[in-house]
Amino acid sequence: MNYRHAYHAGNFADVVKHIILTRVLMYFKRKDAPFFVMDTHAGVGRYDLKGVEAQKTREAETGIARLMKALPNAPKEVRELCEPFTTLLNDMNEDKLQHYPGSPMVAQSLIRRTDRLSLVELHPEDFDELTVNFNWAKNTKTHHLDAWQAMKAQLPPNEKRGLILVDPPFEDRDEFNAILRALYDAQKRFSKGTYMLWYPIKDLQMIASFSRVLSGMDLGRTLDVRVMIDRPGSQAKFIGTGMVIVNPPYVLEKELKVLLPWLVKLFEVVPGSGSHSIYELVGEQK
Ligand SMILES: C[S@@+](CC[C@H](N)C(=O)[O-])C[C@H]1O[C@@H](n2cnc3c(N)ncnc32)[C@H](O)[C@@H]1O
């Protein structure tokens with residue numbers, strides 16, 4: 001396990017992923033009934049953008065730093081939809097941007113006392129840091145487990161309502177298949193759950209076959225959301241961020257139609273190089 005998220009925290013893909021996460025959780029909070037959140041690849045939960053790792057790549061400069069600078073001049077609708085995310089950023093930082101929340105912190109900032117957050121991380125050092133970061137929270141538990149085993153062990157949750165974020169490091173090419181296997185399995189036990197499956201846009205052929213398999217699976221309504229910051233070229237470069245959302249909140253598509261065009265303009269490599277898409281992979285509610 002070589003991947004450490006500290007090198008990439010706050011990059012454009014993180015920002016898109018975390019804003020979508022806040023929108024899904026805001027919808028979950030509309031109802032009083034408690035819900036369960038599982039973060040299968042949690043990382044350490046929060047990041048220091050002035051730390052050695054983040055400074056080595058400086059990816060946050062074209063990600064969260066750009067967003068925080070541009071947001072005051074964004075259209076009101078965009079600002080409102082980003083608010084749960086930016087409130088957290090403002091709470092973590094005083095006047096200068098230094099701290100960035102990972103998905104565990106994003107989720108923790110929005111769940112209620114009666115909701116439950118399960119954070120799974122396999123890297124031993126990252127797991128220790130994650131545990132230190134969240135051991136104060138009564139509604140949050142960390143697990144030093146393999147994500148795929150943890151999904152088997154923890155689903156279905158008692159709560160009946162649940163969100164499972166699957167955000168692997170994509171260190172090897174089999175990760176797409178691992179996600180498909182895990183989703184296939186988890187769906188059998190928790191078909192009503194909302195699943196957010198993150199993937200990098202690099203190898204377009206691989207992604208096409210991933211989408212094909214998903215379209216043929218017996219899933220509830222499923223969206224495939226992409227933000228491209230550059231045009232596809234011959235190199236398998238990291239040109240975009242993707243998210244498959246199984247059983248999305250019904251308002252999500254409408255919200256993303258407001259957010260994504262603005263995020264594309266913000267993050268595209270050169271003016272006009274970016275694009276976004278929202279496809280419905282599976283349309284029928286089971
Ligand atoms: C992309 S990072 C997660 C970032 C985090 N979700 C966020 O948004 O802040 C992927 C994490 O998965 C962990 N990881 C890798 N393989 C794993 C596995 N099989 N089970 C659980 N965690 C794993 C890595 O150590 C790394 O911290």
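Residues numbered from 1 in each chain as written. Predicted model: local features only at pLDDT ≥ 70, side-chain atom pairs only at ≥ 80, totals over all residues. Heavy atoms only, no water.

Per an unreviewed UniProt entry, the protein goes by the name Ribosomal RNA large subunit methyltransferase J and belongs to Ahrensia kielensis. Its UniProt record gives the protein a comment under Catalytic activity (unreviewed entry), which states: "adenosine(2030) in 23S rRNA + S-adenosyl-L-methionine = N(6)-methyladenosine(2030) in 23S rRNA + S-adenosyl-L-homocysteine + H(+)". Per UniProt, the comment on the protein under Sequence similarities (unreviewed entry) is "Belongs to the RlmJ family." (UniProt positions renumbered as here; feature names shortened; annotations may be inferred.)

### Quick notes on the packing of helix H4 (residues 76-92) against helix H10 (residues 252-267)
Axis separation between H4 and H10 bottoms out at 10 Å; the angle between their running directions is 105°. Judged by the inter-axis angle, H4 sits roughly perpendicular to H10. Of H10, the residues touching H4 (which contributes Glu77, Val78, Leu81 and Cys82) are Glu255, Val258, Leu259 and Trp262. Considered class by class, the residues forming the contact of H4 with H10 number six nonpolar, no polar and two charged. (Axes fitted to C-alpha atoms, helices over the stretch in contact; angles between N-to-C directions. Helix = DSSP H or I, 4+ residues; strand = E, 2+ residues; numbered from the N terminus. Parallel < 35°, antiparallel > 145°, perpendicular 65-115°, else oblique. Contact = heavy atoms within 4.5 Å. Nonpolar A, V, L, I, M, F, W, Y, C, P; charged D, E, K, R; others polar.)

### Observations regarding the side chain of Ser273
Inspection of the secondary structure puts Ser273 in the loop between H10 and strand E10 (275-282). Assessed through its relative accessible area of 3%, Ser273 is described here as buried. At 2.8 Å, the side chain of Ser273 forms a polar contact with the backbone oxygen of Val270. Every residue in contact with Ser273, bar those within four places of it in the chain, is listed here: Ile229, Asp230, Arg231 and Glu268. (Buried < 20%, exposed > 50% of the residue type's maximum accessible area, 1.4 Å probe, protein only. Polar contact = N/O pair within 3.5 Å; in protein donor to acceptor, adjacent residues only side chain to side chain.)

### A short note on the nonpolar core
Among the nonpolar cores identified, the biggest contains 95 residues, and Ile20 and Leu263 are the most heavily contacted of them. Ranked by the residues each element gives to this core, the list is headed by helix H1 (residues 12-28), at ten residues. The contact partners of Leu263, leaving out residues within four places of it in the chain, are Val16, Ile19 and Leu67. (Core = buried A, V, L, I, M, F, W, Y, C linked by side-chain atoms within 4.5 Å.)

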